[in-house]
Each structure stands twice: as structure tokens, then as C-alpha cells.
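What follows is each chain in one-letter form.
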Amino acid sequence: MRHLLSTADLARDEAIGLLDSSEDMATTADRAHKKLPALRGLTIVNLFFEDSTRTRISFEVAEKRLSADVINFAAKGSSVSKGESLKDTAQTLTAMGVDAVVIRHGASGAAYQLANRGWIDVPVVNAGDGTHEHPTQALLDAYTIRKRVHGSSSRGKGLDGLRVTIVGDIAHSRVARSNAWLLTTLGAEVTMVAPPTLLPHARESFPVVMESDLDAVLATNPDAVMMLRIQKERMHHAFFPSEREFSQLWGLTAERFARLSERTLVMHPGPMNRGLEICSEAADSPQSTVIEQVANGVFVRMAVLYSVLTGSEA
Ligand code: CP
């Protein structure tokens, strides 16, 4: 794998290989010395044009665990504020001898441009581009589901026959898009639930079922329910009458959570709007994987970086 830009590019064997490699990386977490020498001597730049807590720090931890040298670039405080373009910024950084670029950008397609326009000649990992894709988030979500369901016998397995419901602001969600491709590639059945205004426009292009009645879908006892953040920063007009109504109809409220099977995993990519798309009873419950998702993100990103920089699995 040269770049990781989209989960749509991953074949099933490739995706399972990355999840298995993440399992190998996870074995380092309990050691007194967590570092591996795998990427010693290589330099990775984390190019963040958009805010992030989990993804940015998780990539940095993953890079340091693999002994890479790390440069953190935040657009705020850089020459981007003087008008420097993505192309010039990337070329300036790679001229200093960078071996791979991790990029988060507000524009859908920014990672593709960096990888495919010939501006730079190093591997590119998409850490979230606009409303398009967030492939490492989907990989860590798949890893988390597989680990909860199959435990220590996860290796080599997909998510065959599992039913995953993704709920909320689908229209603006790169997490939903990356999960739609990856989870179905791994054999899961995916249902997306949102108000009609927050379902994607080109519905037929997604390999998923789309619904608007959350209670009807939850009554089928899915294996996992993934609640999405309402992305107020991307909403330039009203997509639902009020937050109160959204929460009542499409939020995982305490009342809805109480009706959920105890087997159903409760997921959220974070950051959460508690009380809007998810209640604290659900987010902090034993069914919740929110903190596990964050922890697993480090292992998955170690596996992805190892793969793009060495061309092999761990
Ligand atoms: N899930 C996620 O991408 O979170 P951050 O925006 O904090 O990186």
C-alpha cells in the first residue's frame, strides 16, 4: 500500500491484513518499553489544517512508538495565514527530507491532490478530508468491533454477518463514508439512520440501507450502534428544527438506550456532543467502546504507517 486515502481502495484481504497488523502493534502496549525500532531514521510530518485532538495525538503517539522522527505542523500560526497554498506548504516540508505526510484538511479531496498530483513523492495518509473520508477512523472502528465480538480469536476474521447502524449527521460525516465502504468490505450489513435532510445526496452510490426511523432500526437489535457528532461547523443553514427535536427523534437518549439490547455496542468517533446525539448513560456504559476506540486508534495508525512506509505488514 503506497498511500491510504480512502477505505474504498482497500480490498478485503488488505483490510484484514491491516487489522491483524494492528493486533501485532497492540501487543507492544503492555510492555515496559513500548517502542519498536521499525521506522527509526524516517521522518513523518503531521499536516493539520483542521482542528483535532484524537487523530493528531494518536498519529504522533503511533509515530513515536515506531521510533520515527515527528514534525507537527498546524496551519494556525504557520505561513498558511499569509496565503501559502497546500502545494507550496507540502513541497516546503518535504524539501526538508520528510518521508511521509499525514494530512487533515477541511477540503474534500485534499489528500488525493497531495498524493496524485505529483507535487510530492512520499506516502500520504488521509487523516480526514472535509466531508469525504477518514480511513484510519473506520479502521479503528472495525478493529474495535472485531475485538469486542471475536476477542483473542479475531485474527484473520472480517465482520461477516454483523449488523452496524450508523446514526446522525451522515451528510457531513467522513467517518460514515469511510465506514460504509470498509464495514461492507469486511462483510457487515450497514444501515444509516438520519433525518432526510442529513442523509447523503447520492444515496444509491453507498452500499448501505438508509432509513429515517431510528426506533424501528434499533428494535432489530443491531450488533453495534455508531452515533455521529452533529457537525455544527459544517452546517450553514438549518437541517433540523431544533437540537431538542433532533435529540428526541435521532439521539441515543437514556430512554432509547434503556431499550437497547445489552449486547449492542455503543460507538462514537468523538468528540461527543453529550445530551445531543448521545446521552452520558450510554457514553459511559459498559456497552460503550468510546475510550477503546481511542486506544485502538494508536495500534491501527502504527499498522498503517508501517505499511505505507515499508510496503509490508507487521
Ligand atoms: N474522531 C476524530 O477524528 O476526532 P478528532 O477530530 O479529535 O481527531
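Preceding this section is the structure that the text describes.
These numbers come from a predicted model, not from an experiment.

What counts, and at which threshold
For every chain, the first residue of the written sequence is number 1, and numbering continues from 1 onward in sequence order. For a predicted model such as this one, the threshold for reporting local features is a pLDDT of at least 70, and the threshold for listing and counting side-chain atom pairs is 80 or more; totals across whole chains, interfaces and linings nevertheless cover every residue. Side-chain numbers here rest on the full set of heavy atoms in the structure, without hydrogens or water. Secondary structure elements follow DSSP: runs of H or I no shorter than four residues count as helices, runs of E no shorter than two count as strands, and numbering proceeds from the N terminus. We take the radius of gyration over the C-alpha atoms and set the globule estimate at 2.2 Å times the residue count to the 0.38 power. Only protein chains enter the calculation, and the probe is 1.4 Å; a residue is then buried if its accessible area is under 20% of its type maximum, exposed if over 50%, and partly exposed in between. Residue contacts are defined here by distance: any two heavy atoms, one from each residue, within 4.5 Å place the two residues in contact. Within this scheme, the nonpolar core is defined by two criteria: the residues are buried Ala, Val, Leu, Ile, Met, Phe, Trp, Tyr or Cys, and they are joined through side-chain atoms within 4.5 Å. An automatic or database domain assignment provides the domain bounds reported here. Here a residue counts as near a molecule or strand whenever at least one of its heavy atoms sits within 4 Å of it. For this analysis, a polar contact is any N or O atom pair within 3.5 Å, provided that within protein one partner can donate a hydrogen and the other can accept it, and provided that sequence-adjacent residues contribute only side-chain to side-chain pairs. Helix span, expected: 1.5 Å multiplied by one less than the number of residues in the helix. In this analysis, strands are considered paired if DSSP registers two or more bridges between them. As a rule, the C-alpha atoms of each element are fitted with a line to give its axis, helices using only the stretch in contact, and angles between N-to-C directions run from 0 to 180 degrees. As used here, the arc belongs to the directions running from the helix axis to the C-beta atoms.

Would you explain the overall build of the protein in this entry?
When helices and strands are counted, the protein shows 11 helices and 9 strands. Over its C-alpha atoms the protein spans a radius of gyration of 19 Å, differing by no more than 12% from the 20 Å that the globule rule assigns to 314 residues. The dimensions of the protein, computed from C-alpha atoms along their principal axes, are 55 × 45 × 35 Å. Per-residue burial for the protein yields a buried fraction of 57% across its 314 residues. In the protein, the proportion of contacts linking residues at least 24 apart, taken out of those at least 6 apart, comes to 75%.

Looking at this structure, I do not really get the nonpolar core. What am I missing?
One broad rule of soluble globular proteins: the nonpolar side chains tend to lie buried together. Leu-139, Ile-166, Leu-198, Leu-252 and Leu-305 are the most contacted members of the largest nonpolar core, which totals 84 residues. In terms of residue count, helix H11 (residues 290-310) provides more of this core than any other element does, 10 residues in total. Each of domain 1 (7-132 + 294-310) and domain 2 (135-291) accounts for three or more of the residues forming this core. Apart from the residues within four sequence positions on either side, Ile-166 is in contact with Ala-176, Asn-179, Val-190, Thr-191, Met-192, Val-193, Met-226 and Leu-228. The next biggest cluster of nonpolar side chains, apart from the first, holds 20 residues, and it includes Phe-73, Ala-75, Leu-86 and Ile-120.

I keep staring at the site of the ligand and nothing clicks. Help me out?
Taken together, Ser-52, Thr-53, Arg-54, Thr-55, Arg-104, His-134, Gln-137, Pro-269 and Gly-270 form the complete shell of residues around the ligand. With respect to the ligand, the side chain of Thr-55 contributes an N or O atom lying 2.6 Å from an oxygen atom. For the shell around the ligand, the two domains that each supply at least three residues are domain 1 (7-132 + 294-310) and domain 2 (135-291).

Any chance you could explain helix H2 (residues 54-65) here in plain terms?
Each turn of an α-helix holds 3.6 residues, which means side chains three or four residues apart point in the same direction. With 12 residues, H2 ought to run about 16 Å at 1.5 Å a step, and its terminal C-alpha atoms sit 16 Å apart, in line with that. Every buried residue belonging to H2 is among Thr-55, Ser-58, Phe-59, Glu-60, Ala-62, Glu-63 and Arg-65, and all of these are buried. Buried residues belonging to H2 abut strand E1 (43-48), strand E2 (69-74), strand E3 (100-105), strand E4 (124-129), helix H5 (135-150) and H11.

How should I be thinking about the sheet that holds strand E8 (residues 224-227) in this particular structure?
The strands that make up a sheet pair up through hydrogen bonds in the backbone, lying either parallel or antiparallel. Taken in spatial order, the 5 strands of this open sheet run E7-E6-E5-E8-E9, and their pairing is parallel. Two strands in the sheet have a free side with no partner beyond their single neighbour: strand E7 (209-211) and strand E9 (265-267). For this sheet the average axis-to-axis angle between neighbouring strands, irrespective of direction, equals 20 degrees. Packed onto the sheet, helix H6 (residues 174-185) meets strand E5 (163-167), strand E6 (189-193) and E8 and runs at close to 160 degrees relative to E6.

Explain helix H3 (residues 86-94) to me, please; I cannot follow it from the model alone.
Listed in full, the buried residues belonging to H3 are Leu-86, Thr-89, Ala-90, Leu-93 and Thr-94. Each buried residue of H3 sits inside an arc of 120 degrees when the element is viewed along its axis, so together they form one side. Lining the buried residues of H3 we find E1, E2, E3 and helix H4 (110-116).

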